[in-house]
Amino acid sequence: MIKLDKQKRILKDSWYPAKVEVKSPKNKTYHFPIYHWITDSEVYCFREGTALRIFDDSNSHVGGHSRQQELKQRQKVFRSSQRRLAAAKTKQSSPKGTANHIGHICHMSWDVYAQGIPQCIKADSIQSLPYDVQFSFTKTAEMKYTAVTGLVELELIEMAELKKKWTHIDDISHLLCAHRTQVTDFVHKHWKEDSLFGYQFLNGVNPMLIRCCKALPKNFPVTGDMVSLHGGGSLADEMMKGNIFLCDYKLLDGVQPNTISRKKQYLMAPLILLQKTSDNKLMPIAIQLKQKPAKDNPIFLPTDSEYDWLLAKIFVRSANFNFYEVSVHLLRTHLLAEVFTVSLLRNLPMVHPLYKLLMPHTRYTLQINVLARQLLISQTGVLTRFAASGGKGVITILQKSLSSLTYSSLCIPDDIAERGLKDVPNFYYRDDGLKLWEIIFRFVKEILTSYYKTDAEVQKDSELQNWIHDIYEHGFLSQASTGIPQKFTTVDEMIKFVTMVIFTCSAQHSAVNSGQYDFGAWMPNSPVTLQLPPPTKKGKASEKSMLDTFPDIQTTVHGMAVMWLLSKQSSDSIFLGQYPEEHFSEEVPCQKIKDFQVELKRLSAEIKARNSGLDLPYTYLDPEVIENSVSI
Ligand code: FE2
């Protein structure tokens, strides 16, 4: 152990020591990872880099005491119970707070943003976060710049306050001029086509809803006579062969739609039936926009008039935006990553192998989520101001999503099997995702089995058990039905869960975040809200009724600017498998990190080679663009 004593200067000088190396008289070098801000003149202790589980310290009074002290200090910052919360409030009003491990005075705890959703870090503002978890100067500056200049960069500033309706589809095209990508061009050109509509359920920003359909839900009364199938087979036959797929947005049923500028907005809970054709395309064959079958809730078909069918697809795409943004993106990646992070900071000392393994996968997550709460879902947030689900709706979607979330749906091999999607052709999210899961799994296994040889060692590591239990309690609200482990009994259970954590924070977030501008910039492909109800009868829709249904110019432009901000990478991003902070110093984990990087590089080359032959490359799970953590 070393002590670091930064002397007091008249001017405030905060230090961020990376590491300390100490050479012994016998010429052996000892590494001490620090990677913490020291902002005051307290003396701080740091352990040597060798990872130690809690029972490795059981015979060392100094070691045991130091990990206890460190956790005690951090738990003052990352508190949990309501009792402690009250104590923190009392302390906050006292003139002098308590310095935490890193010398920054602040008090935080798990906070309840709303009942029934994962708990989060208690922080009123980003300034109240400890320095260690705040953005770097570069990241802050760039993000502010993008947020402020988003509209300017997209040349949309003049349109941002226009509450007028769109009067011609070509006017919307002008929005794309300032910033185009290969995908925005493709989407703009093909947005009306059924094949792109189907494709996006596999490789768009929400690959999480589609499932194989072996029996129609009772509330979706599609009959064999109604649909004309590609290839001419019967619906029953095609279903038996595994060629029929269902997307059911039932979770949106009953969600209160937003009111924007005193105007009611419309959010459907559609059901979509799709067929895999003999030329390996996924084509929609029927759409019902509301859950309850009724005369005024027609089942739309590709054989209907052009605008009946197109408008039905537009209502699906708008429902999809609201569903994926809140459930698939915010809840299943951002909010869960925050739970993993807060639990890690509260329960694992720096010397713990799991701290060393997971800390890089928590970078910037707390701050980006504080910002998301402030800028996206607060009363003045962008979703509240412009999206159909904004306001109450967001919270309802989060609550319903959490109560129906399962552990298996967070583990891609189980998820793909459960949804019956093993054999669907051209499903790149699955292909790349499964390979990434395997690579991460092997890496986690090799690192963790070098520290945990038996199940008994896992069971007796109380710090590790506290970590998972906090996640179960504060993240999944002690809902046993989720299947989330409450404790680890075996080495295998721990490896699978840690793999899921790294996969969720890195690959899964990239898959559901990075394509937002690509698929959403062309508004008709992903309207953030719709301003008229869907047709209740066929044969009435027209180009004009479609334009009247679209969000107005202001809403379109703000929606576009948010997707631009959320899709823009920072120049100080750290990509999957890169560990510039050297928390590990032993030979085994250092070698395993190198092996991990080699495997990721190989996969990246494989994905690039595959993409070179595709009209629309799938890039979001290329390890080269996946960040280590949820940071945007
Ligand atoms: Fe994100």
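Everything below is about the structure shown above.
Residues numbered from 1 in each chain as written. Predicted model: local features only at pLDDT ≥ 70, side-chain atom pairs only at ≥ 80, totals over all residues. Heavy atoms only, no water.

Take the coordination of the iron ion next. Looking at the iron ion, the protein donor atoms are His329 (NE2), His334 (NE2), His509 (NE2), Asn513 (OD1) and Ile632 (O), and they sit 2.1 to 2.5 Å from it. Within one chain, the residues donating to the iron ion are spaced in sequence as H-x4-H-x174-H-x3-N-x118-I. Residue His509 is located in helix H18 (residues 491-513), and its partner Ile632 is located in the segment after helix H22 (587-612); the two are separated by 123 residues in the primary sequence. Given a relative accessible area of 4%, His509 falls into the buried group. (Donors = N, O, S within 2.8 Å, 3.2 Å for Na, K, Ca; no water. Helix = DSSP H or I, 4+ residues; strand = E, 2+ residues; numbered from the N terminus. Buried < 20%, exposed > 50% of the residue type's maximum accessible area, 1.4 Å probe, protein only.)

Let us now look at the environment of Pro485. Here Pro485 is to be found in the loop between helix H17 (462-475) and H18. Distance in space between the C-alpha atoms of Pro485 and Trp37 is 34 Å, their sequence separation being 448 residues. Beyond its immediate chain neighbours, meaning those up to four positions away, Pro485 contacts Tyr407, Ile468, Tyr472 and Phe497. (Contact = heavy atoms within 4.5 Å.)

Among the 10 residues in helix H6 (residues 194-203), 9 count as buried, and that is most of the element. When H6 is considered as a whole, its buried residues turn out to be Asp194, Leu196, Phe197, Gly198, Tyr199, Gln200, Phe201, Leu202 and Asn203.

Looking now at the sheet that holds strand E14 (residues 299-300). The 5 strands are arranged E8-E9-E12-E13-E14 in an open sheet whose pairing can be described as antiparallel. Strand pairing shows two members of the sheet lacking a second neighbour, strand E8 (211-212) and E14, which therefore form its edges. In this sheet, E14 lies alongside strand E13 (residues 282-288) in antiparallel orientation, the contact comprising 2 bridges. Looking at the pairing, Gln288 lines up with Ile299 of E14. Contacts between H6 and the sheet are confined to strand E9 (244-248), strand E12 (271-276) and E13, with E13 contributing the most and set at about 90° to the helix. The sheet contacts of helix H8 (residues 306-347) involve E12, E13 and E14, and relative to E13 the element is tilted by about 90°. (Pairing = 2+ DSSP bridges. Axes fitted to C-alpha atoms, helices over the stretch in contact; angles between N-to-C directions.)

With that settled, consider the side chain of Asn258. By secondary structure assignment, the location of Asn258 is in the loop between E9 and strand E10 (259-260). By relative accessible area, which is 8% here, Asn258 ends up buried. If we skip the residues at most four places from it in the chain, Asn258 touches Lys263, Lys264, Gln265, Leu383, Thr384, Ala387, Ala388 and Gly390.

Under the definition given, this model contains 27 salt bridges. Salt-bridge contacts for Asp185 lead to Arg180; the nearest nitrogen and oxygen are separated by 3.0 Å. Note on Arg180: relative accessible area 53%, which makes it exposed. Residues Arg419 and Asp415 are paired through a salt bridge, measuring 2.9 Å at the closest nitrogen-oxygen approach. Residue Arg419 shares its accessibility class with Asp415, and that shared class is buried. A single network of salt bridges, built from pairs that share partners, joins Arg47, Asp57, Arg67 and Glu463. (Salt bridge = Lys/Arg side-chain N within 4 Å of Asp/Glu carboxyl O.)

Moving on, we come to unusual backbone geometry. Keep in mind that most residues, glycine aside, have a negative phi and that most peptide bonds are trans. Unlike most non-glycine residues, Arg262 shows phi in positive territory, near 65°. With respect to the element layout, Arg262 can be found in the loop between E10 and strand E11 (263-264). Overall, Arg262 belongs to the exposed group, its relative accessible area being 83%. Here Asn426, not a glycine, exhibits a phi torsion of approximately 55°, which is positive. Looking at the secondary structure, you find Asn426 in the loop between helix H14 (412-418) and helix H15 (428-449).

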